[in-house]
Amino acid sequence: MLVGNPMNAQQLEVCEVQGLNASRIPRHVAIIMDGNGRWAEERGESRVFGHMHGVEAVRLSVEAAMELGVRHLTLYAFSTENWNRPKEEVAALMNLLVDTLVKEVRELGNKGVRLRTIGDIAALPEICQTQLKEAESATKQNEGLDLILALSYSSKWEMVEAIKQLIDSGISPEKVTAECVSDHLSTKGIPDPELMIRTSGEHRISNFLLWQLAYAEFHFTPTLWPDFKKASFFDAVRDFQNRERRFGGLLDTNHNVTVK
Ligand code: IPE
Ligand code: IPE
Ligand code: MG
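Residues numbered from 1 in each chain as written. Chains lettered and ligands numbered in written order. Predicted model: local features only at pLDDT ≥ 70, side-chain atom pairs only at ≥ 80, totals over all residues. Heavy atoms only, no water.

Caption draft 1: Just the site of ligand 1, in detail. In the region of ligand 1, the neighbouring residues are Met33, Asp34, Gly35, Asn36, Gly37, Arg38, Arg47, His51, Ala77, Asn82, Arg85 and Leu93. At a separation of 2.9 Å, an oxygen atom of ligand 1 approaches a polar backbone atom of Gly37. Take Arg47: an N or O atom from its side chain is 2.8 Å from an oxygen atom of ligand 1. Contact with the protein chains hides 87% of the accessible area of ligand 1, taken as 380 Å² for the molecule alone. According to the grid-proximity analysis, the pocket containing ligand 1 is the largest pocket. (Near = heavy atom within 4 Å. Polar contact = N/O pair within 3.5 Å; in protein donor to acceptor, adjacent residues only side chain to side chain. Areas by Shrake-Rupley, 256 points an atom, 1.4 Å probe, with all protein chains shown as cover. 1 Å grid on protein atoms, 1.4 Å probe; cavity = no way out; pocket = protein on both sides within 12 Å on 5 of 7 lines; lining within 4 Å. Sits in = over half its atoms within 2 Å of the grid points.)

Take a look at the structure:
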């Protein structure tokens, strides 16, 4: 693992079966879950039908992440820009969030998942905020996997908030560092994702974690989100493990980055 908890025997076995290097499992994976609408349209169904089927892919991704010992999984569930969708679709997505939280929180808790959120949570309907708070507090002791839902989230929104906080704090310009900016983002304390997955064949990041993805490896797959399975997650990690990460440095003969 890049850093993090030591792997248990089951996780080591999954790595072996999947042909993955247990010492190079990303600590933090971020996913842009895209393609629900197209998946439904292909079946002559409403877009909401696609969102409902996307929930299963969330469950499978959480399981796959835990099977590999990934520590943080951030899922882009609703962007600031998604408020521009028809109000019926927005309402259906909010209802789906509440229903899923009600149904799944106990199970998530039993699995050792800690639920967290990033984004403009105050912009969500009251009922969503209440359910999220309950789910966060019910799972806050768990140490298996941090499941971070990005809701009403956009990177530009987050950065503007960080800048406002910094100005408010009265910090002098020479004291502003990259660490201090990170500490004012909603991901404070969470390591940056090493791997970002986007489904549905789109090759863009749609205002997601612009700062935090500075050195992430990107895995784009044409698979539509409701078709995303555990095997798709393992494929993405395999792809990640085949990348050479240089961070602007050079590799020595052992393929380690040389840093002065
Ligand atoms: C992703 O699927 C889910 C959300 C953005 C909430 P989409 O709804 O964007 O599906 P497509 O991209 O239209 O197929
Ligand atoms: C990105 O998907 C947002 C989420 C997955 C929540 P979109 O479907 O909204 O992104 P664009 O509009 O194709 O860039
Ligand atoms: Mg989309």
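Caption draft 2: Geometry of unusual backbone geometry. If you check the backbone angles, Ser152 has positive phi at about 50 degrees while not being a glycine. Note on placement: Ser152 falls in strand 4 (residues 145–153). (Helix = DSSP H or I, 4+ residues; strand = E, 2+ residues; numbered from the N terminus.)

Caption draft 3: Broad picture of the site of ligand 2. Taken together, Ile32, Met33, Asp34, Tyr76, Ala77, Phe78, Ser79, Asn82, Arg85, Arg198, Arg204 and Ser206 make up the full set of residues adjacent to ligand 2. Side-chain polar atom of Ser206 to an oxygen atom of ligand 2: 2.7 Å apart, as the coordinates give it. Expressed as a share of its isolated accessible area of 390 Å², the protein-covered part of ligand 2 is 77%. The cavity where ligand 2 resides is the largest pocket. Considering each element in turn, the shell around ligand 2 owes the most residues, four residues, to strand 2 (residues 72–79).

Caption draft 4: Here's a closer look at helix 4 (residues 87–111). The first and last C-alpha atoms of helix 4 sit 34 Å apart over 25 residues, in line with the 36 Å expected at 1.5 Å per residue. Its maximal kink placed at Glu104, helix 4 deviates by approximately 50 degrees. Just beyond helix 4, the residue with positive phi is Gly112, at close to 90 degrees. (Expected span 1.5 Å × (residues − 1). Bend = angle between axes of the 7 residues up to and from the residue.)

Caption draft 5: Geometry of the layout of surface pockets. Roughly 940 Å³ of internal volume is contained in the largest pocket. In terms of lining, the largest pocket is formed by 42 residues, of which the most central are Met33, Asn36, Tyr76, Ala77 and Phe78. Within the residue set of the lining of the largest pocket, elements represented by two or more residues are helix 2 (36–42), helix 3 (47–68), strand 2, helix 4 and strand 4. At eleven residues, helix 4 tops the list of elements feeding residues into the lining of the largest pocket. By residue class, the composition of the lining of the largest pocket is 21 nonpolar, nine polar and twelve charged. (Points joined across faces, edges and corners; volume = space filled by probe spheres on them. Nonpolar A, V, L, I, M, F, W, Y, C, P; charged D, E, K, R; others polar.)

Caption draft 6: Region of interest: the pairing of strand 1 (residues 28–32). For strand 1, the buried fraction is high: five of the five residues fall into the buried class. Residues of strand 1 alternate between two faces, with His28, Ala30 and Ile32 on one and Val29 and Ile31 on the opposite face, all of them buried. Bridge analysis of strand 1 against strand 2 gives five bridges, and the strand direction is parallel. Following the sheet pairing, Ile32 is matched in strand 2 by Tyr76. Pairing between strand 1 and strand 5 (residues 195–198): four bridges, direction parallel. Across the sheet, residue Ile31 finds its bridge partner in strand 5, namely Ile197. (Buried < 20%, exposed > 50% of the residue type's maximum accessible area, 1.4 Å probe, protein only. Pairing = 2+ DSSP bridges.)

Caption draft 7: Local environment of the environment of Tyr153. Note that Tyr153 resides in strand 4. A C-alpha to C-alpha distance of 16 Å links Tyr153 and Ile190, two positions 37 residues apart in sequence. Once residues within four sequence positions are removed from consideration, Tyr153 is found in contact with Tyr76, Phe78, Ser79, Thr80, Ile118, Gly119, Glu158, Ser186, Asn207, Phe208, Leu209 and Gln212. (Contact = heavy atoms within 4.5 Å.)

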